[in-house]
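Observations on the three-dimensional arrangement
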Amino acid sequence: MTIQESNQEPKRERQSIDILAERIASLVLSGNEQPDVDMKNHITLSDNYGISEFIKDIQSMANSPIVEEKLYVIGADEENRRFLSVSNLDEFDEEKIRQLLDKYLTPQITFKKYNLPINKEDLSVGYYVVIGIPKIQNPPYIIIKNLTYLDENGKDKPCLREGDCWVRSGGNIGSTGRRLSLREDYDRMYREFIEINT
């Protein structure tokens, strides 16, 4: 690789990130969550309930039938059409995310993580987090470990169950969320896997 070629790689990566940021800004400012984009005001990985919500969100997106890259955006307030600074950026270190996903899901999920500035001209405004899940994956992704949390009465409640398989529901604008997989979801995932690998 020549010096000129190596200098072009970071430039291409920067252009891709700029395009990604523009797309997300357009969706947030229009208040328009899409089936391939999940927007969260805030999420924490400091307690079991927050961890379970994060795991199920990422799992459901990776298991979804959408063929484009899927985006999980933390710090996006779609209702008020604005970005929120993520105050717990340290919880979303790429290696921490990798360890968490590997601990609770199989097979391994491929992802990229970006901390993007809310305002490129004034970095003090803060950052939002984007986790990108590439279009070619290896579903179904299954939860491999139980997890509980303490409810308001101090009782253990399950929040992750071994063997569960969550998918992103809906394929239409405005029809987003997650649900447990049905037989037809498994059929689709195995059919897609065979098509990709033959």
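The structure reproduced in this document is the subject of the present report.

**Some thoughts on the overall build of the protein**
Check the secondary structure of the protein and you find four helices and twelve strands. Here the C-alpha radius of gyration of the protein, 18 Å, is about what a compact globule of 198 residues would show, namely 16 Å. Across its three principal axes, the protein shows a C-alpha extent of roughly 50 × 50 × 35 Å. When the 198 residues of the protein are sorted by exposure, 41% land in the buried category. Partitioning the intrachain contacts of the protein with sequence separation of at least 6 by distance along the chain shows that 62% fall at a separation of at least 24. Accessible surface computed for the protein: about 11200 Å², of which carbon and sulfur atoms make up 48%.

**Some thoughts on the pattern of salt bridges**
Under the defined criterion, the tally for this structure stands at 15 salt bridges. Ionic pairing is found between K120 and D18, a salt bridge with its closest N-O pair at 3.5 Å. With a gap of 102 residues between them, K120 in the loop between β6 (112–117) and β7 (127–133) and D18 in helix α1 (residues 3–30) connect regions that are remote in the sequence. According to the relative accessible area criterion, K120 is exposed, its value standing at 54%. Judged by relative accessible area, which is 22%, D18 ranks as partly exposed. The shortest N-O distance in the salt bridge between D36 and R23 comes to 2.7 Å. Pair noted here: D36 is in the loop between α1 and β1 (37–40) and R23 is in helix α1, with a separation of 13 residues, a long-range link. Beyond isolated ion pairs, a larger network of salt bridges with shared partners links D38, K40, E53, K56, D57, R168 and R178.

**Brief notes about helix α4 (residues 183–197)**
Across its 15 residues, α4 extends 21 Å between first and last C-alpha, which sits within 8% of the 21 Å expected from 1.5 Å per residue. Along α4, the residues classified as buried are D185, R188 and M189. The buried side chains of α4 occupy one side of the element, clustering within an arc of 95 degrees when seen end-on. In this structure, α4 carries R183, E184 and I194 as exposed residues pointing more than 90 degrees from its buried face. Tucked into the core, α4 has its buried residues touching β11 (166–168) and β12 (178–180).

**Structural notes on the packing of aromatic side chains**
Across all of its chains, the model carries four aromatic pairs by this definition. When the centroid spacing of 5.7 Å and the interplanar angle of 70 degrees are considered together, the rings of F54 and Y72 count as edge-to-face. You can see F54 sitting in helix α2 (residues 48–62) and its partner Y72 sitting in strand β2 (residues 70–74), a full 18 residues away along the chain. For the pair shown, F54 and Y72 are each scored as buried.

**Focus: the nonpolar core**
Core analysis: the biggest nonpolar cluster contains 28 residues, and F54, I55, I58, Y72, F92, L101 and I131 have the highest contact counts within it. Of all the secondary structure elements, the ones that give two or more residues to this core are α2, β2, α3 (94–104), β7 and β10 (156–160). For this core, the element with the most residues is α2, which contributes six residues. Apart from the residues lying within four places of it in its own chain, the contact partners of I55 are L100, L101, Y104, L105 and L160. Ranked by size, the runner-up nonpolar core spans 15 residues in total, among them L20, V28, M39 and Y128.

**Comments concerning the side chain of S64**
Relative to the elements of secondary structure, S64 occurs in the loop between α2 and β2. From its side chain, S64 meets the backbone oxygen of M61 in a polar contact 2.8 Å long.

**Comments concerning the packing of α2 against α3**
Where α2 meets α3, the closest approach of the two axes is 11 Å, and the angle between their N-to-C directions is 80 degrees. Considering their axes alone, α2 and α3 lie roughly perpendicular with respect to each other. Of the residues in α3, those in contact with I51, F54, I55 and I58 of α2 are I97, L100, L101 and Y104. Of the residues in the contact of α2 with α3, the class split is eight nonpolar, no polar and no charged.

Conventions and cut-offs
Residues numbered from 1 in each chain as written. Predicted model: local features only at pLDDT ≥ 70, side-chain atom pairs only at ≥ 80, totals over all residues. Heavy atoms only, no water. Helix = DSSP H or I, 4+ residues; strand = E, 2+ residues; numbered from the N terminus. Rg over C-alpha atoms; globule rule 2.2 N^0.38 Å. Buried < 20%, exposed > 50% of the residue type's maximum accessible area, 1.4 Å probe, protein only. Contact = heavy atoms within 4.5 Å. Areas by Shrake-Rupley, 256 points an atom, 1.4 Å probe, with all protein chains shown as cover. Salt bridge = Lys/Arg side-chain N within 4 Å of Asp/Glu carboxyl O. Expected span 1.5 Å × (residues − 1). Arc of directions from axis to C-beta. Phe/Tyr/Trp six-rings, centres within 6.5 Å; stacked < 30°, edge-to-face > 60°. Core = buried A, V, L, I, M, F, W, Y, C linked by side-chain atoms within 4.5 Å. Polar contact = N/O pair within 3.5 Å; in protein donor to acceptor, adjacent residues only side chain to side chain. Axes fitted to C-alpha atoms, helices over the stretch in contact; angles between N-to-C directions. Parallel < 35°, antiparallel > 145°, perpendicular 65-115°, else oblique. Nonpolar A, V, L, I, M, F, W, Y, C, P; charged D, E, K, R; others polar.

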